[in-house]
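Commentary on secondary and tertiary structure
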Amino acid sequence: DQQVKQNSPSLSVQEGRISILNCDYTNSMFDYFLWYKKYPAEGPTFLISISSIKDKNEDGRFTVFLNKSAKHLSLHIVPSQPGDSAVYFCAASFIQGAQKLVFGQGTRLTINP
Amino acid sequence: DAGITQSPRHKVTETGTPVTLRCHQTENHRYMYWYRQDPGHGLRLIHYSYGVKDTDKGEVSDGYSVSRSKTEDFLLTLESATSSQTSVYFCAISETDRTTSYTFGSGTRLTVV
């Protein structure tokens, strides 16, 4: 069973517009949420995170929103740039012994000029 | 990625043969993880280590074993490779068990024929 779900395998957005990537989770024990970005032939790189005690975190063009009652988070990128074209993974963290990250399936974002 | 190296980067092997993938870090981080990435599944945790000779299973550990005899090296062994183990394998490191992000290697693409 997939505890973290990204239901959109792909998303296409025009350059300069807003990109919104969505993620849903089922486990209410998750205490931290993260977004990773992955280019082809490279490992994922950390982008932004949010604690479960907050509902918004902003870092430059990237903002993550958390809605705990809906068990939903989203990543907003504005304005979108061609270099943002990548696969984005949502991840959730929980503490059971050592900390572990559980990842969603990923969303491929394409920014069109 | 700086501080973490995976080898080999690509490997083709035959069904039934043993295969060992290596993850090497120069960051002296205590925690190391092995994930596999498959379409539709995102990244799934295979095994992780919380210190030298201290390892534990993740969600997809069947058919895999690991060893960590030194802080810097974490080995993943497929004891008898199967076609279902064709995947991209990523190693990750983290400094503490409460860190909010991992650093990933560049991955090993394994094909079992």
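To be clear, the structure that these remarks concern was listed above.
Quick summary incoming for the structure in this document. It should be emphasised that the depicted structure is a prediction, and the values quoted were computed from it without experimental measurement.

Next up on the list: the overall build of chain B. A count of helices and strands for chain B gives zero helices and 11 strands. Order of helices (α) and strands (β) in chain B, N terminus to C terminus: β-β-β-β-β-β-β-β-β-β-β. For chain B, whose C-alpha radius of gyration is 13 Å, the value lies close to the compact-globule estimate of 13 Å for 113 residues. Expressed as lengths along the three principal axes of its C-alpha atoms, the size of chain B is roughly 35 × 30 × 25 Å. Counting all 113 residues of chain B, 46% fall into the buried class. Restricting the contact set of chain B to residue pairs at least 6 apart, pairs at least 24 apart contribute 55%. Of the roughly 5200 Å² that chain B leaves accessible, carbon and sulfur atoms contribute 45%. Computed over 12 positive and 13 negative side-chain charges, the separation of the two mean positions in chain B equals 2 Å.

The next thing to look at is the packing of aromatic side chains. Think of a pair of aromatic rings as described by two things: how far the centres are apart, and how the planes are tilted against each other in angle. The final tally for this structure, using the stated rule, is 18 aromatic pairs over all chains. Between B:Tyr33 and B:Tyr48 the ring centres are 6.2 Å apart and the planes differ by 25°, which places this aromatic pair in the stacked class. One end of the pair, B:Tyr33, is in strand β4 (residues 31-38); the other, B:Tyr48, is in strand β5 (residues 42-51), and 15 residues separate them in sequence. When the ring of B:Tyr33 is compared with that of B:Tyr102, the centres are 4.2 Å apart and the planes differ by 15°; the resulting orientation is stacked. On the criterion of sequence distance, the pair formed by B:Tyr33 in strand β4 and B:Tyr102 in the loop between β9 (87-94) and β10 (103-104) is long-range, its members being 69 residues apart. An aromatic cluster is defined as three or more aromatic residues linked by ring pairs; in this entry it consists of A:Tyr36, A:Phe46, A:Phe89, A:Phe103, B:Tyr33, B:Tyr35, B:Tyr48, B:Tyr50, B:Phe90, B:Tyr102 and B:Phe104.

Here we take up a nonpolar patch on the surface. Residues and elements named next belong to chain A. On the surface, a nonpolar cluster with roughly 230 Å² of combined accessible area is contributed by Ile18, Ile20 and Val78. Its place among the elements puts Ile20 in strand β3 (residues 19-25). A relative accessible area of 36% places Ile20 in the partly exposed class.

What follows deals with the nonpolar core. All names here are of chain A. With 25 residues, the main nonpolar core has Val4, Phe30, Phe33, Trp35, Leu73, Leu75 and Tyr88 as its most contacted residues. Elements represented by at least two residues in this core include exactly β3, β4 (32-38), β5 (45-51), β7 (62-67), β8 (72-77), β9 (86-96) and β11 (107-112). Broken down by element, this core gets its largest block of residues, five residues, from β9. Not counting residues within four places of it along the chain, the set of residues in contact with Tyr88 comprises Gln6, Leu21, Trp35, Tyr36, Lys37, Leu47, Leu75, Ile77, Gly106, Thr107 and Leu109.

Basis of the calculations
Along each chain, residue indices are assigned from 1 in the same order as the chain's sequence is written. As a convention, the first chain written is A and the first ligand written is 1, with the rest following in written order. A pLDDT threshold of at least 70 governs which residues receive local features in this predicted model, and a stricter bar of 80 or more applies before side-chain atom pairs are shown or counted, although totals over entire chains, interfaces and linings include all residues. Only hydrogens and water are set aside when side-chain values are computed; all heavy atoms of the structure are taken into account. Secondary structure counts use DSSP, requiring at least four H or I residues in a row for a helix and at least two E residues in a row for a strand, with both numbered from the N terminus. Throughout, the radius of gyration refers to the C-alpha atoms, and the reference size of a globule is 2.2 Å times the residue count to the power 0.38. Exposure is judged per residue with a 1.4 Å probe applied to protein chains only, and the accessible area is read against the type maximum: over 50% gives exposed, under 20% gives buried, and values in between give partly exposed. Here, residues are in contact when the closest pair of their heavy atoms is within 4.5 Å. Computed with the Shrake-Rupley method and a 1.4 Å probe, the accessible areas treat only the protein chains shown as cover for residues. This count recognises Lys and Arg as positive and Asp and Glu as negative, with His and chain-terminal groups excluded. The atoms used to mark charge sites are NZ of Lys, CZ of Arg, CG of Asp and CD of Glu. Each pair of aromatic rings taken from Phe, Tyr and Trp, with Trp reduced to its six-membered ring, is defined by centres within 6.5 Å and is described as stacked if the planes are under 30 degrees apart, edge-to-face if over 60, and tilted in the remaining cases. The patches described consist of residues with a relative accessible area above 30% and no salt bridge, like charges being joined within 9 Å and nonpolar side chains (Val, Leu, Ile, Met, Phe, Trp, Tyr) within 5 Å. A pairing counts as a salt bridge when a side-chain nitrogen of Lys or Arg comes within 4 Å of a carboxyl oxygen of Asp or Glu. Nonpolar cores are built from buried Ala, Val, Leu, Ile, Met, Phe, Trp, Tyr and Cys residues. Side-chain atoms within 4.5 Å join them into one set.

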